[in-house]
Amino acid sequence: ALASFGLTSCETVRHQFALPSNDWQAKSGQLLYRGPRNRIIGEVLVRFSKKGDFELTFSKGPGITLLTVHQDDTFARVSGPLARGSWSGAPAHAPMRLRGWLDLREALTRAGNQPSLRHVSGSETFDFRF
């Protein structure tokens, strides 16, 4: 009984993010990311809903996704080489290396239709041009 409990209790329930729909706002452009060890310019696609659902995809050329962020009010999933793998959980419990990326949800939704945005989070700088 203990063995079966141990095996089933380790299963994680997969969080279901809302799927983008016609009422989501979408922006695409370029992002200059400057971190403690990296300086990367790439393409960015940002989508968000009025309910607070958020997606960000940062890529370098076709087919090379550097980082993806899926986030809502209670949960986030970040994956890709810049995330050093994959992480998911409550945004407040995110590893320090991902906090700047998770701060972007609020910064980008607050920015509305501005053609550019600079966001600084600790030692990271995010410069967007849409």
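Everything that follows concerns the structure shown earlier in this document.
Residues numbered from 1 in each chain as written. Predicted model: local features only at pLDDT ≥ 70, side-chain atom pairs only at ≥ 80, totals over all residues. Heavy atoms only, no water.

Student: Explain the sheet that holds strand β3 (residues 54-59) to me, and be specific about the residues and the numbers.
Tutor: Here 8 strands make up an open sheet; going across it, the order is β6-β5-β4-β3-β2-β1-β8-β7 and the pairing antiparallel. Looking along the sheet, the strands with just one partner apiece sit at the ends: β6 (85-89) and β7 (116-121). This sheet shows a mean twist of 15° between the axes of neighbouring strands, independent of strand direction. The sheet contact formed by β7 and strand β8 (residues 124-129) spans 6 bridges and is antiparallel. (Pairing = 2+ DSSP bridges. Helix = DSSP H or I, 4+ residues; strand = E, 2+ residues; numbered from the N terminus. Axes fitted to C-alpha atoms, helices over the stretch in contact; angles between N-to-C directions.)

Student: Run through helix α2 (residues 96-111), naming residues and quoting values.
Tutor: Since the α-helix turns once every 3.6 residues, residues separated by three or four places project in the same direction. For α2, which comprises 16 residues, the first-to-last C-alpha distance of 24 Å matches the rise-based estimate of 22 Å (1.5 Å per residue) to within 8%. Along α2, the sharpest change in direction is near 30° and occurs at L104. Note on α2: the residue one or two positions beyond its end, G112, has a positive phi of about 60°. (Expected span 1.5 Å × (residues − 1). Bend = angle between axes of the 7 residues up to and from the residue.)

Student: Summarise the packing of aromatic side chains; cite the residues concerned and give the values.
Tutor: Considering all chains together, one arrives at 5 aromatic pairs under this definition. Pairing W101 with F126 gives two aromatic rings, centres 4.9 Å apart and planes at 80°, and the pair type is edge-to-face. A residue pair is termed long-range when its members are at least 10 positions apart, and W101 in helix α2 and F126 in strand β8 qualify at 25 residues. Centroid distance F128 to F130: 5.6 Å. Interplanar angle 15°. Geometry classified as stacked. The class of F128 is buried, set by a relative accessible area of 0%. Overall, the relative accessible area of 28% leaves F130 in the partly exposed class. Through a chain of ring-to-ring contacts, the aromatic side chains of Y33, F58, W101 and F126 assemble into a single cluster. Positioned above the aromatic ring of F130 is the side chain of K27, whose terminal nitrogen or guanidinium carbon lies 4.7 Å from the ring centre. (Phe/Tyr/Trp six-rings, centres within 6.5 Å; stacked < 30°, edge-to-face > 60°. Buried < 20%, exposed > 50% of the residue type's maximum accessible area, 1.4 Å probe, protein only. Lys NZ or Arg CZ within 6 Å of the ring centre and 35° of its normal.)

Spatial relationships are all this shows, so hold off on functional conclusions.
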